[in-house]
Amino acid sequence: MKELDGQVALVTGGSRGIGLAIAEELGRAGAKVAVVARNEEGATAAAAALEGDGHKGYGCDVSDSNDANEAVERVEEDLGPIEILVNNAGIARDNIFIRMTEDEWDDVLAVNLKGAYNMTRALARGMMKRRRGVVLNISSVVGVVGNAGQANYAASKAGLIGFTKSLAKELAPRGIRCNVIAPGFITTDMTAELPESAVEELHSRIPLGRFGDPGDVGGLARFLAGPGARYITGQVVAVDGGMAI
Ligand code: NAI
């Protein structure tokens, strides 16, 4: 018997990077995982490679509320009621503020913050009726401390924290827990383009002296989704090698 046996989990942006590592851990813990990503083929391939049975991939742009509603409907028809939602899909469009275009602002807010709203809204009613559920929102250390050149991204990630704390208060009486994971620098496609000099400088600012692996975030998500975290809600848990201390 594994801790998430038989539960259905939906992970947005689950086709690669941190989302994939979370999908892998939830699959290992016994959950049936719906991998959601913009590209249906990528999502399907990722789902097929997960440990255990019953996983499935879905194409969906989380910034589009119709797409989000439709994806949730399809997942629940195929796999059953969703008990764990992980809002992980995210993008960055970095620029110094004075040069940041309205499109760069809007695109990042639309995926990172509105996307989490769209997916959570599509699911919350069902979770409330069943009086159980877990929502995990993937923010960033940048949402807590800010970052020059990322005003749009930091605003979206800070927004997720306020969103999650409010939801945690509203939904706790219905048995639903909502928490935030705030990763520091994690080695994925998103950080692959950093120049070597920037990587060295960043390592020197991280007490544990290195970037994290996607699996470091996956392990935390598995814990927060599971019974060991039954008395934890409304929290922001950093997985950042001590960067934000
Ligand atoms: P990634 O770029 O490797 O993967 C992003 C995933 O999101 C992909 O699966 C992509 O298909 C999906 N996605 C993007 N836009 C989407 C949309 N409109 N609809 C549906 N899916 C969409 O990114 P990574 O590094 O794995 O990041 C995952 C999350 O973790 C993001 O929210 C990111 O902001 C956050 N994060 C990442 C950190 C890092 O150092 N890599 C640090 C802190 C937070």
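**Considering the pattern of salt bridges**
According to the stated counting rule, one finds ten salt bridges in the structure shown. The partner of E3 in a salt bridge is R222, and the shortest N-O contact between them spans 2.8 Å. Placement of the pair is E3 in the segment before β1 (8–12) and R222 in helix α8 (residues 214–225), with a sequence separation of 219 residues. When its relative accessible area of 34% is taken as the criterion, E3 is described as partly exposed.

**A short note on the site of the ligand**
In the neighbourhood of the ligand, 28 residues make up the surrounding shell, with R16, N88, Y153, I186 and T188 lying closest. Between the ligand and the protein, one listed contact pairs an oxygen atom with a side-chain N or O atom of S15 at 2.9 Å. Between the ligand and the protein, one listed contact pairs a nitrogen atom with a backbone N or O atom of C60 at 3.3 Å. Elements with a contribution of two residues or more to the shell around the ligand: α1 (17–28) and α6 (151–171). Among the residues forming the shell around the ligand, the class breakdown is 13 nonpolar, ten polar and five charged.

**Remarks on the sheet that holds strand β2 (residues 32–37)**
Strand order across the open sheet formed by seven strands is β3-β2-β1-β4-β5-β6-β7, with parallel pairing between neighbours. Only two strands of the sheet have a single partner each, and these edge strands are β3 (56–59) and β7 (236–239). Across the sheet, the mean angle from the axis of one strand to that of its neighbour is 20 degrees, orientation sign disregarded. With five bridges joining them, β1 and β2 adopt parallel strand pairing. Within the sheet, the bridge partner assigned to L10 lies in β2 and is A34. Along the sheet, α1 contacts β1, β2, β4 (82–87), β5 (133–138) and β6 (176–183); its crossing angle with β1, the most-contacted strand, is approximately 170 degrees. Across the sheet, helix α4 (residues 102–130) touches β1, β4, β5 and β6, and the angle it forms with β4 is around 160 degrees.

Thresholds, definitions, all that
Residues numbered from 1 in each chain as written. Predicted model: local features only at pLDDT ≥ 70, side-chain atom pairs only at ≥ 80, totals over all residues. Heavy atoms only, no water. Salt bridge = Lys/Arg side-chain N within 4 Å of Asp/Glu carboxyl O. Helix = DSSP H or I, 4+ residues; strand = E, 2+ residues; numbered from the N terminus. Buried < 20%, exposed > 50% of the residue type's maximum accessible area, 1.4 Å probe, protein only. Near = heavy atom within 4 Å. Polar contact = N/O pair within 3.5 Å; in protein donor to acceptor, adjacent residues only side chain to side chain. Nonpolar A, V, L, I, M, F, W, Y, C, P; charged D, E, K, R; others polar. Pairing = 2+ DSSP bridges. Axes fitted to C-alpha atoms, helices over the stretch in contact; angles between N-to-C directions. Contact = heavy atoms within 4.5 Å.

Function cannot be inferred from these measures alone, as they are strictly geometric.
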